[in-house]
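Commentary on secondary and tertiary structure
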Amino acid sequence: MRIRFLGAAGEVTGSSYLVESSQAKVLVDFGMFQGARGDDDRNRDLGDLKPEALDAVVVTHAHQDHTGRLPLLRGLRAQLHATPATVELSRILLEDSARIQESEADRENRWREREGKPQVEPLYRREDVDAIHGRWSALALGNSREIAPGVQLRFQEAGHILGSASVVLEVTDVGGMSKRVVFSGDIGQNGMPFIRDPDLCAQDADLIVCESTYGDRDHRPTSETFEELAEILRQAAWARHKVLVPAFAVGRAQLMIHAMMELARDGRSPQVPVYLDSPLAAKATKLYTSFCDLLDDELQNACRVGALARDLAIAKPVLSGAESRELNTLWEPMVVIAGSGMCNGGRIVHHLRHNLWRHGVQVVLPGFMAQGTLGRALVEVSQGHRSHVRVMGQDVLVRARIHTIGGLSAHAGKTGLLEWIAGGYQGKSKPKLVLTHGEPDPRHALAVAAQARVGVTAIEPMRGDVIEL
Ligand SMILES: [Zn+2]
């Protein structure tokens, strides 16, 4: 059997791996490339991948960089296997993604028409999303299923967002030779509020593919992060200014609301009004409270008796674009949570344009920002590496205070990743280790640390590389 690395190889976005045996072809994730110039072309290009020849598609979790290209699998005859929560979240996420693709193409086509330039097609349309919707097949964590000839699938908890899973595949070739391969998906932090801790990597594998987003550093402890957030909210109330939070609609948005609610309840911060300026996040929030058994032990009960839903309802959903723009006319302390998470689109962009140049405004960056995104530029401002960023075609001097609060990250830091990897070496086998889903420096740092921890030299593939087993 062999594995081809179709994305997230030497970068964070575009997760996708093709597993091929003598009797089956299984695709693991088909995520969007985000942030870099030329990504639109990369997203459109399927290379020699033939959707109709796939026997199964496995989806680790409902983040765009893992699911965003699924609607491009036109002609797919196979099923899409994911946990029940991932199925539900992916449905709403992909519908939203199609809407964004269509409206971006419309906008571009308006100026193209004026300039006499040829029209562009959206990356995909709602019809493409509808075409794959009938193909979802839910598999609960811990259960096993044969998804293709000789391929057995099991999901285990990845602790990253609701429904997130690592993937364990048992792949048997025609001759009866069997191999076990583990894909980490995105691994969450231990001890995070809200979501359960990740399971360690499954034992007795032949190959482990692990993410390396934060392979070179650990996050600040959650307790310090909560204190930092409390201070930000106290400042906002005192200065009567906005706090802008770019957040993924699924995961970070809900965690941020919950964290702010807890801080206010404990009297550590004032109750600053929170606006959830993302219809998608509002939908995702409803789903969070309908999968109580996936939440961590502390929250399960609160979820079952409806207290969690009441807590999360503290955030006022902002549904229309007009309501969103109206927030720019309000001069009072408030927290605005809006997508996209890396500020490369979505409503957060107009909030940033209106507010980045103002003293007193604060921006909280809770998630990872890929190279080339506006979010990454803001991280560089916080590090003192630049003073201006480019927003909607204009250079803006950033006077707002930028906070990167990694302690609420959905990703494990270096120590957590090493622990997860070490779990895979507690059994009888000494698996090969492959590191993906990380920029070159963090990935290599994790490779060096993994060598010291488990005595294996990790493979660091680039896009298109193949590993034979
Ligand atoms: Zn993710």
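Model, not experiment: these values are computed from the prediction. (Residues numbered from 1 in each chain as written. Predicted model: local features only at pLDDT ≥ 70, side-chain atom pairs only at ≥ 80, totals over all residues. Heavy atoms only, no water.)

**Structural notes on the overall build of the protein chain**
The cut-off we apply is this: Here a strand is any run of E in DSSP of at least two residues, a helix any run of H or I of at least four, and the numbering for each starts at the N terminus. Atoms considered for the radius of gyration are the C-alpha atoms alone. The globule rule reads 2.2 Å times the number of residues to the power 0.38. Relative accessibility thresholds used throughout: buried, under 20% of the residue-type maximum; exposed, over 50%; partly exposed, between the two (1.4 Å probe, protein chains only). Working rule for contacts: check all heavy atoms of both residues, and any pair within 4.5 Å makes them a contact. Methods summary: accessible areas were calculated by the Shrake-Rupley approach with a probe of 1.4 Å, and residue burial reflects only the protein chains presented.
Broken down by element type, the protein chain carries 14 helices and 21 strands. Relative to a compact globule of 469 residues, whose C-alpha radius of gyration would be 23 Å, the protein chain shows 22 Å and is just as compact. Expressed along its principal axes, the backbone C-alpha trace of the protein chain runs to roughly 70 × 55 × 45 Å. In the protein chain, which comprises 469 residues, the share counted as buried stands at 58%. At a minimum sequence separation of 6, the contacts of the protein chain that also span at least 24 residues come to 73%. Carbon together with sulfur atoms contributes 48% to the accessible area of the protein chain, which is approximately 18,700 Å² in total.

**Points about the environment of His359**
Tracing the backbone shows His359 in the loop between helix H11 (348-355) and strand E16 (362-365). A relative accessible area of 59% places His359 in the exposed class. With 40 residues separating them along the chain, His359 and Arg399 place their C-alpha atoms 5.2 Å apart. Residues within four places of His359 in sequence aside, it is in contact with His241 and Arg399.

**Side note on the nonpolar core**
Put simply, the test is: Residues belong to one nonpolar core when they are buried, are Ala, Val, Leu, Ile, Met, Phe, Trp, Tyr or Cys, and are joined through side-chain atoms within 4.5 Å. Domains are outlined according to an automatic or database domain assignment.
Counting residues in each nonpolar core, the largest one holds 51 residues, and the members touching the most others are Leu162, Leu229, Met256, Val335 and Ile337. The biggest single contributor to this core is helix H6 (residues 252-265), with 7 residues. For this core, the domains that each give at least three residues are domain 1 (2-216 + 410-468) and domain 2 (222-408). Contacts of Ile337, omitting those with residues within four sequence positions, involve Val245, Ala247, Ala253, Met256, Ile257, Met260, Val274, Tyr275, Leu276, Asp277 and Ser278. Counting residues in hydrophobic clusters, the runner-up holds 32 residues, among them Leu327, Met334, Ala377 and Val398.

**Looking at the environment of Thr67**
Note on placement: Thr67 falls in helix H2 (residues 64-67). For Thr67 and Val28, which are 39 residues apart along the polypeptide, the C-alpha to C-alpha distance reads 9.7 Å. Beyond its immediate sequence surroundings of up to four residues, Thr67 is in contact with Phe30, Gly31, Val59, His61, Ala62, Ser90, Leu93 and Leu94.

**Concerning the pairing of strand E15 (residues 334-338)**
Short version of the rule: Pairing between strands is defined by DSSP: at least two bridges between the two strands are required.
Along E15, 5 of the 5 residues are buried, which leaves the element largely enclosed by surrounding structure. Alternating residues of E15 divide into Met334, Val336 and Ala338 and Val335 and Ile337, and every residue in both groups is buried. The sheet contact formed by strand E12 (residues 242-246) and E15 spans 5 bridges and is parallel. Bridged to Pro246 within E15 is Ala338. When strand E13 (residues 274-277) meets E15, the two strands line up parallel, connected through 4 bridges. Bridge pairing links Leu276 to Ile337 in E15.

**Topic: unusual backbone geometry**
Where the residue is not glycine, phi is negative for most of them; where a peptide bond is considered, it is trans in most cases. Cis geometry is adopted by the peptide bond preceding Ser340, which originates at Gly339 and carries an omega value of 5°. Mapping Ser340 onto the fold places it in the loop between E15 and H11. Residue Phe194 is not a glycine yet carries a positive backbone phi of 85°. One can find Phe194 in the loop between strand E10 (178-183) and strand E11 (207-211). In the Ramachandran plot, His437 falls in the positive-phi region, its phi being about 50° despite a non-glycine side chain. Within the secondary structure, His437 is located in the loop between strand E20 (432-436) and helix H14 (440-454). You can call His437 buried: its relative accessible area is 1%.

**Digging into the state of the cysteines**
Selection criterion: A pair of cysteine sulfur atoms is labelled a disulfide when the two atoms are within 2.5 Å.
According to the stated counting rule, one finds 1 disulfide in the structure shown. The side chain of Cys292 participates in a disulfide bridge whose partner is Cys303; the two sulfur atoms lie 2.1 Å from each other. When the S-S torsion is -70°, as for the bridge of Cys292 with Cys303, the disulfide is left-handed. Note that Cys292 is positioned in the loop between helix H7 (279-288) and helix H8 (297-304) and Cys303 in helix H8, a separation of 11 residues in sequence. You'll find Cys292 and Cys303 in the same group, each marked buried. The thiol of Cys201 is not disulfide-bonded; the next cysteine sulfur, from Cys210, is found 7.6 Å away. Judged by relative accessible area, which is 0%, Cys210 ranks as buried.

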